[in-house]
Amino acid sequence: MPPTTENHIETPLLLPADPVERARRLEHFLRHARHTPGVHGVEVVGGDENPRLRIDLDSQSVSFDAITRWAEHAGIGLRERWGSVVLAVEGMASKQSEQAIEGALAAIPGVRASASFPSRTVRIEFDRARCQLADVALRLSDLGFRVSPVTEREAKRRAARARVSAIPTRIRRWASGLRDSPELAGAIAGALLLLTGFLLRRAFDAPDWAWLPLVIAAYPLAGWHTARDTLLTLIRFRFNIDVLMFVAAIGAGAIGHWEEGALLLVLFSFGHAGESLAMDKARRAIEALHELAPDSAMKRTPDGSLVEVAAETLEVGDTIVVRPGDRVGADGEVLSGYTSIDQSAITGESTPVEKSAGSHVFAGTINGDGAIDVRVTRSHHETTLAKAIRLVEEAQTRKGQTELFTAKVERFYVPFVLGATALLFFVPLLVEGFTAEVFKTWFYRSMAFLTAASPCALAIGTPAATLSALARAARLGVLIKGGAHLETLAKIDTVAFDKTGTLTEGRPRMVGVVALGGATEDDALFVAASLEAGSAHPLARAILEAATARGWTGALAEDSSMVQGKGLRGTLRDAQGGPVVVEVGSRKLYDASSIPTAAHEAIDRFEREHGATAVLVRRGEEWLGVIALADPPRPDAASSVAALRSLGVKRQMMLTGDNEGAARAIGASVGLDEVRASLMPEDKLTIVGAMVEEGRVVAMVGDGVNDAPALAAASLGVAMGAAGSDAALETADVALLHDRLERFPQAVALAKFARRIVFQNLLIAMGVIVLLAPLAATGYASIGWAVLFHEGSTVVVVLNALRLLAWRRRGGSAQ
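Looking at the protein as a whole, the pLDDT averages 77, with 76% of positions reaching at least 70. Low pLDDT, under 50, characterises residues 158-174; the predicted model gives this stretch ten contacts beyond four residues in sequence or across chains. Below a pLDDT of 50 lies the segment residues 811-815, which in the model reaches 16 contacts outside its immediate sequence neighbourhood of four places, other chains included.

In summary, soluble globular proteins display a tendency toward joint burial of nonpolar side chains. Counting residues in each nonpolar core, the largest one holds 48 residues, and the members touching the most others are Val495, Phe497 and Phe744. Looking at this core element by element, the count peaks at ten residues for helix H26 (residues 743-777). The contact partners of Phe497, leaving out residues within four places of it in the chain, are Thr502, Leu503, Val641, Leu644, Gln652, Met653, Met654, Leu655, Leu672, Met700, Val701 and Leu741.

Among the six residues of strand E6 (residues 111-116), six are classified as buried, and the element is accordingly described as predominantly covered. Taking every second residue as pointing to the same face, both faces of E6 are buried, with Val111, Ala113 and Ala115 on one and Arg112, Ser114 and Ser116 on the other.

In this section: the pattern of salt bridges. Across all of its chains, the model carries 19 salt bridges by this definition. Of the charged contacts in the structure, one is a salt bridge between Lys299 and Asp318, with a shortest N-O distance of 3.6 Å. Pair noted here: Lys299 is in strand E9 (residues 296-300) and Asp318 is in the loop between strand E10 (306-310) and strand E11 (319-322), with a separation of 19 residues, a long-range link. Under the relative-accessibility criterion, Lys299 is labelled partly exposed at 25%. Linking Glu583 and Arg569 is a salt bridge whose minimum nitrogen-to-oxygen distance equals 2.7 Å. Of this pair, Glu583 sits in strand E23 (residues 579-585) while Arg569 sits in strand E22 (residues 567-573), and the two are 14 residues apart along the sequence. With relative accessibility at 7%, the residue Glu583 sits in the buried group. Classification of Arg569 by relative accessible area gives partly exposed; the value is 31%. Among the ionic contacts, a cluster of salt bridges with common partners joins Glu521, Asp522 and Arg550.

If you trace the seven strands from one edge of the open sheet to the other, you get E18-E30-E29-E28-E19-E26-E27, paired in mixed fashion. Strand pairing shows two members of the sheet lacking a second neighbour, strand E18 (478-480) and strand E27 (674-676), which therefore form its edges. Averaged over all adjacent pairs, the angle separating strand axes in this sheet is 20 degrees, with direction ignored. Bridging between strand E26 (residues 651-655) and E27 involves three bridges; their strand directions are parallel. Of the residues in E27, the one forming a bridge with Met654 is Val675.

Taken across its nine residues, helix H16 (residues 483-491) has eight buried, putting it largely inside the fold. Those residues of H16 that sit buried are Gly483, Ala484, His485, Leu486, Glu487, Thr488, Leu489 and Ala490.

In this section: the packing of aromatic side chains. Evaluated as defined, the whole model comprises six aromatic pairs. With 5.7 Å between their ring centres and 10 degrees between their planes, Phe439 and Phe443 make a pair best called stacked. One end of the pair, Phe439, and the other, Phe443, are both in helix H14 (residues 436-452), four residues apart, so they sit about a helical turn from each other. Ring geometry for Tyr590 against Trp623: centres 4.9 Å apart, planes inclined by 70 degrees, an arrangement best described as edge-to-face. Here Tyr590, found in the loop between E23 and helix H20 (597-610), pairs with Trp623, found in strand E25 (residues 622-630); they are 33 residues apart in sequence, far enough to count as distant. One residue, Arg605, lies across the ring of Phe606, its end atom 4.9 Å from the ring centre. In this arrangement the basic side chain of Arg618 is found over the ring face of Trp623, its NZ or CZ atom lying 4.7 Å from the centre.

With that settled, consider a nonpolar patch on the surface. Together, Leu195, Phe198, Leu199 and Phe204 line one region of the surface with nonpolar side chains, adding up to about 420 Å² of accessible area. With respect to the element layout, Leu195 can be found in helix H7 (residues 182-202). Using a relative accessible area of 47% as the deciding quantity, one classes Leu195 as partly exposed.

Turning our eyes to something else, we now look at the sheet that holds strand E12 (residues 332-337). In spatial order, the strands read E10-E9-E11-E17-E12-E15; together these six strands make up an open sheet with antiparallel pairing. Lying at the two open borders of the sheet, with one neighbouring strand each, are E10 and strand E15 (360-361). Where E9 meets E10, five bridges bridge the pair, whose relative direction is antiparallel. Paired with Met298 across the two strands is Glu308, which belongs to E10.

How each quantity is defined
- Residues numbered from 1 in each chain as written.
- Predicted model: local features only at pLDDT ≥ 70, side-chain atom pairs only at ≥ 80, totals over all residues.
- Heavy atoms only, no water.
- pLDDT = per-residue confidence, 0-100.
- Contact = heavy atoms within 4.5 Å.
- Core = buried A, V, L, I, M, F, W, Y, C linked by side-chain atoms within 4.5 Å.
- Buried < 20%, exposed > 50% of the residue type's maximum accessible area, 1.4 Å probe, protein only.
- Helix = DSSP H or I, 4+ residues; strand = E, 2+ residues; numbered from the N terminus.
- Salt bridge = Lys/Arg side-chain N within 4 Å of Asp/Glu carboxyl O.
- Pairing = 2+ DSSP bridges.
- Axes fitted to C-alpha atoms, helices over the stretch in contact; angles between N-to-C directions.
- Phe/Tyr/Trp six-rings, centres within 6.5 Å; stacked < 30°, edge-to-face > 60°.
- Lys NZ or Arg CZ within 6 Å of the ring centre and 35° of its normal.
- Patch = residues over 30% accessible without salt bridge, like charges linked within 9 Å, V, L, I, M, F, W, Y side chains within 5 Å.
- Areas by Shrake-Rupley, 256 points an atom, 1.4 Å probe, with all protein chains shown as cover.

Structure follows, in structure tokens:
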């Protein structure tokens, strides 16, 4: 049997010296780790002098990198002892290659590996004190596998495309397909030989010497990959699906059924090749992210000239020029120029976004008609796009609980089938007696049973669905960091939202203005703008935006000064040119008894209905009006909350540090069930942790910065606007690159649909086995029929999984 994936890790800790702070951070980290699927035990040992983390985890569902990130966000350091890398693997011919790779690497001390046949990658975590990465590559080379960094894989793919670019299109497609799939080429060659031999025998009644060699020659052509995987398995004294198929094919030939044995290998090889080609489609959906990465950029040198350089050589602080139509070469800040940029691939905006001095731009986005100078703020390997690609590639190697369960079932099921096949063959011989006819009959039936009972569809159905769902989510701008998180996403029953920047737009806007006395709304707004023009306060910017939209000319107040915590005071010139004192501020700035009743009523109404901050405006002794400012809810907040409710999320709440009035106003406007306000980050952590301990499946949606502790403690951490936040990408289990809340319910719906696809695949796989195996055992189904249904079910589950690549949410359903 394949080795267990449960691993014991012990590593030194770096903790604060203060005992109270140390205990608080450890409690935060341990609470989250103990509620994480795949973590089977975690404790801190060694006392205060030599603290060490001791953890038992399933390396296929949770990585040590994730443990490191949780620790960092809890304020705990793990010493640089463990390395982690995702490598592309050449030579993986089937699902069984995963077990061969994981088994081989498990024998190296200090190495933990999780391989993925669908993505042709392996995630390796290794103890630098006990081994080197070269040891891993050497061990895999001994088995016939070659590894390379995932970034090299794309370069090879592009080079291969260039080599055949001169060939006519149709021929090029065939050549490319056969080059990339030698198993398909072998299956086609084997099928042609089998068909030729069949026609010679049946149509022309040719002698055995004319047709039989052709059929026998089909065996090595179509069965080469099956034989290789069988050998890899048997040298480790284990059994898998390839062993079952190979034994059945050889057995059929041994009793004279050469054509049926060859048909089994041909169809099995076609099935494998079809799986690979179908899974390539899912991989290409993820690898398409690589196409967005720019190869070069125009760098401005110190003397002002321009030189084209490789994008990967750019350093922080360099200045690049982005010409019209170019891809932006790096994440950076616009220094000069004006343009509009299509950044839909990164942030999801459906229309180009205007950019001018001070705006942020992302690598891989497409410039419009203007030219801009950009100061590089992130190196090539740390751009938002690079991090997104890296996280998606790592996610492919993390298996969900359903996939791990089916792998365990397969581990025990294959020996069971072999045992049942042996009984089916030997028992009748003992009962009926050993004769040539009895031997041939029951050996044939046992081979047909062996074929029918093989769990190929069971083994490929779940990983195919998981990879397709991860690929589709990535195209939607949702990074789901592995199959385990995809499954959790489908099961959430409680969602806790942060307020600012999550449910709201994150910047105040004017939500209302009430004129007082004989003044107009514009009078109040323009006077306020004249005072606020020199302030950097967010509320000041909101007033200026509203005044500018109404035609304010920009006349500034003189001698403007701040009244600490209350407002601003200055002077304007009246019609005769004389100075008039003007003021804007909260009720604290004035004597309460002097404020008009209408103003008190307007302020109370704005606070009650909008949770707004209201300011009064006065010119001399004349009250001009009340201006209400609030951080409004996102346009898609209410619809997202409603969509989650339609998807079965029973409880939705807000956890915010904002004041009670503002929080309740926003909560009521978007339709939340519960609002908890005036919370510190540790309060959010406590609330989320308590709900998880109650058995709820809790998703925390926040910005990934001040919400990091709560994101880590939740069953599922979801980071908003991750395109602009390193902490969001690192902390969360699900990161929304697009700054659009509606993507979250879409991700939930996709996860639920993926769960249904997995269930359907399991039902199809088990249904075919349950129906076909008894028929084969009793002689009602030949090897040929067993092969057709067996391979047919495998193709069906893969095609069913690929439906996820074209998934679109309809209404409130998840299909």
